[in-house]
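Spelled out, the chains give:
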Amino acid sequence: MNDTMEQTARVRTSRILVFLGIMRTWIVGALLCLTPPTSILVLGWLSGDMGRAARRNAGLTAGSGDRRRWLFGPPGTGLVSRAFGGLASNIRAGFHMAIGMFVMTLPFTGFWLSAWWAGWENSFNKGYEQAFVGPFLGLTGVGIFAIVMIYLPMAAAHQAVENRAFAFFELKRIRSAVAHSGWRYVMLAVVTVFFSLPIFASRGLPTFAESIYPGLAFLTASEVNDLRMTIDLFVAAYIFVSLVILRRWSARIYAKAVLRAGTGRDMNLWTNSALSAAFGSTGTRRPWRVFRFVQFAVLTSIWSGLAVLIFVGQFLNHSWHVWLTHPYFLLPWVM
Amino acid sequence: MDRRTFNLGMGTGAVSAMLGGRAVAKPAYSGPNIVIIRFGGGVRRLETIDPKGTYAPNLVNVLAPRGVLIPNLNIAKLNGGNTSHAEGTLNILTGRYTAYRDAGSKFLDDRLEPTEPTLFEYFREHFDIPSHQVLLINGEDRPQEEFFTYGMHGHYGINFRSEMLSLHRFKLYKYARQLEENLLDDAALDSVKIKYKELLEFDRRTIAPEQSPDITEFWKNWRHHYGDNGLKNPRGDRLLTELSLRAMSELRPRLMMVNYQDPDYVHWGNASHYTRAISVIDEGISRLVAFTDNDPFYRDNTIYVITPDCGRDENGLMSVPFQHHFNSRAAHEVWALIFGSGIAQGRVIDRHIDQTAIAPTIAALMGFRANRSEGDILSGIGA
């Protein structure tokens, strides 16, 4: 009887500790999402978390050193590594991921930034002769965005699993993973666009803040700052949680895709993959070309929805930097 | 006879019937000329009349000392009221709130038409003034405001309308002439026909008047000077200044409203467009005032009334706090500057004044009553 009660108490305590651990992770993650530099740590933490999720999904055992920590390193390492190993690892992985994402997204963010500047500058000055420049740059940017976003979640998962600098740009492997990803990858895109609605609202709703809360007009500057900070905290918490869900999901999709690709026609591409230890011996057929074409077309149109949200959000509440980053394709920052 | 000529005839007939033959000769107008400047597109006090933050140094340092500054002009908060450009302009012109109705608005195109008489109609009803001396100068970005030249009120309306000067009107003139002249090749003519039809269809009013012969002559001169391609004339709010200067020179308007608008470009987030546009308007006003100061027809007999259509937001939650003007407190806060013949100099009226006071005050300065306006005539502005 006493043993049973002790066991129950241990389970309860363990659950409470797990819950507190989750809460700690969430709070720290949310706080780090408040500024661009600290959001790089979140990117690194997420990278580690994705790698772990992918390895577990591939059936590779995860040791205690595999668990992602904000500050401490894994047990059994030297004093300095134990004290700051997690932080160093997050910084390193975060920079790898940030650089990869920045370079991959720059072709469309650069177009968007230029389009907005050139378009409205031209419109303000009534430059009829160059009226096409803004819309041309903007629409080209949307086209590039829709294509890049087909590969970016898989590239991020690949970077996270391989944990090497510039793994982000191993385009053949990433294309292979996308080709073997199936409809789950389409669902991931749909859910990502759906999850981006609250982020869009966080940009758009302040425009109508006085209609929602008339007292805003009479707040002092410091009270407005406090309100801004409260809103930012909620948005940061949402960004962190939604990213954990989406990135873990994308890591699992990646793991499944790589296991298929690594045993099929693309097997040569995947030798020495971080997941190669999990490859089975049975061959998998590469998906039909028609399926891949349909998947490409569907993904393009789904990701265009996120571009629309970004543009409408900018019409409502403009900031230059918002053309360059979004929590779902670069920095996990409240913007 | 085309639709417009027919409609004009019908309109004229209807008004004559209403007047019932009791038309009497109206007196010639001998009062001051009035230039109303809509410092438009929505501006805040901070970037205009506040010496610390102004981007309109001419307004603050040169013109304000010449007249009466009303820094605390306000747009009342009413159900159904909106702090936007068309609404604010009609508040100024009619002296009433919500004196307008929807005239077939589409998405992002708040097309309104006045349901109460405008200052133009009051003025022309009281005095013997031809339509080309009562002018509304409109910009190219807000063609939906082309139709403020007369209201839908039964007693006033089309016979007392003002004339409109704008690129929209010039294009109507130009396309009509190009079709008459028949000098273009077939493809170009077809294109002109389509564009002309589109412009005609843009005006959904049942009675749409042709412009007067004097205005037609004005466009003839404009076309001679700037040509047909639309790439040589000044653009944006500078175009409005140019139209106004040419109008004052050629048409001698006695009542003219200039609807500046470009500060509204900040809607798309470029804060510098807002401040730059304020400076462009400031330069434009400076040119207009210099003209009236030096022209014998206008010198010592002209009053300027400068006032925004609406304010803009002061939203600390946004990176561009004045990007919009969505009925917020600051969007209701405007101002007015009145200066010129017979107006006190260097005076500030700091009490709370309502935007509807502008129309009856202008009417009083010109010697008539805007009897359907709701505002009070401003006291304390005379020299």
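Here the structure is a predicted model, which means the values were calculated and not measured. (Residues numbered from 1 in each chain as written. Chains lettered and ligands numbered in written order. Predicted model: local features only at pLDDT ≥ 70, side-chain atom pairs only at ≥ 80, totals over all residues. Heavy atoms only, no water.)

Digging into the side chain of Asn90 of chain A
Residue and element names in this part refer to chain A.
Working step 1: With respect to the helices and strands, Asn90 occurs in helix α3 (residues 79-124).
Working step 2: Asn90 sits in the buried class, given a relative accessible area of 1%.
Working step 3: Reaching out from Asn90, the side chain makes a polar contact with the backbone nitrogen of Trp45 at a distance of 3.4 Å.
Working step 4: The residues touching Asn90, leaving out its near neighbours within four places in the chain, are Ile40, Leu41, Gly44, Trp45, Arg68, Arg69 and Trp70. (Helix = DSSP H or I, 4+ residues; strand = E, 2+ residues; numbered from the N terminus. Buried < 20%, exposed > 50% of the residue type's maximum accessible area, 1.4 Å probe, protein only. Polar contact = N/O pair within 3.5 Å; in protein donor to acceptor, adjacent residues only side chain to side chain. Contact = heavy atoms within 4.5 Å.)

With respect to the interface of chain B and chain A
Working step 1: Each side of the interface is counted separately: chain B has 28 residues, and chain A has 30 residues.
Working step 2: In total, about 2,400 Å² of surface goes out of reach between chain B and chain A, with carbon and sulfur atoms giving 56% of it.
Working step 3: When the buried area of chain B at its contact with chain A is split by residue, Arg235, Trp268 and Leu317 of chain B rank highest and sum to 29% of it.
Working step 4: Linking chain B with chain A are 2 salt bridges, by the criterion used here.
Working step 5: Its salt-bridge partner being Glu129 of chain A, residue Arg235 of chain B comes within 2.9 Å of it at the nearest N-O pair.
Working step 6: At the boundary of chain B and chain A, one finds 18 residue pairs in polar contact (both at pLDDT 80 or more).
Working step 7: Of the residues in the side of chain B that touches chain A, the class split is 9 nonpolar, 12 polar and 7 charged. (Buried area = accessible area lost by both parts, 1.4 Å probe. Salt bridge = Lys/Arg side-chain N within 4 Å of Asp/Glu carboxyl O. Nonpolar A, V, L, I, M, F, W, Y, C, P; charged D, E, K, R; others polar.)

Description of the pattern of salt bridges
Working step 1: This structure, assessed with the given rule, holds 32 salt bridges over all chains.
Working step 2: The salt bridge involving Arg173 of chain A is made with Glu170 of chain A; its shortest N-O contact spans 3.7 Å.
Working step 3: Taking the shortest distance from any N to any O, the salt bridge between Glu250 of chain B and Arg246 of chain B comes out at 3.5 Å. Here Glu250 of chain B pairs with Arg246 of chain B, and both are found in helix α8 (residues 237-250), just 4 residues apart, close to one helical turn.
Working step 4: Of the residues examined, Glu250 of chain B reaches a relative accessible area of 35% and is grouped as partly exposed.
Working step 5: What makes Arg246 of chain B buried here is its relative accessible area of 16%.
Working step 6: Salt bridges here are not isolated pairs; linked through shared partners, they connect Glu162, Arg164, Glu170 and Arg173 of chain A.

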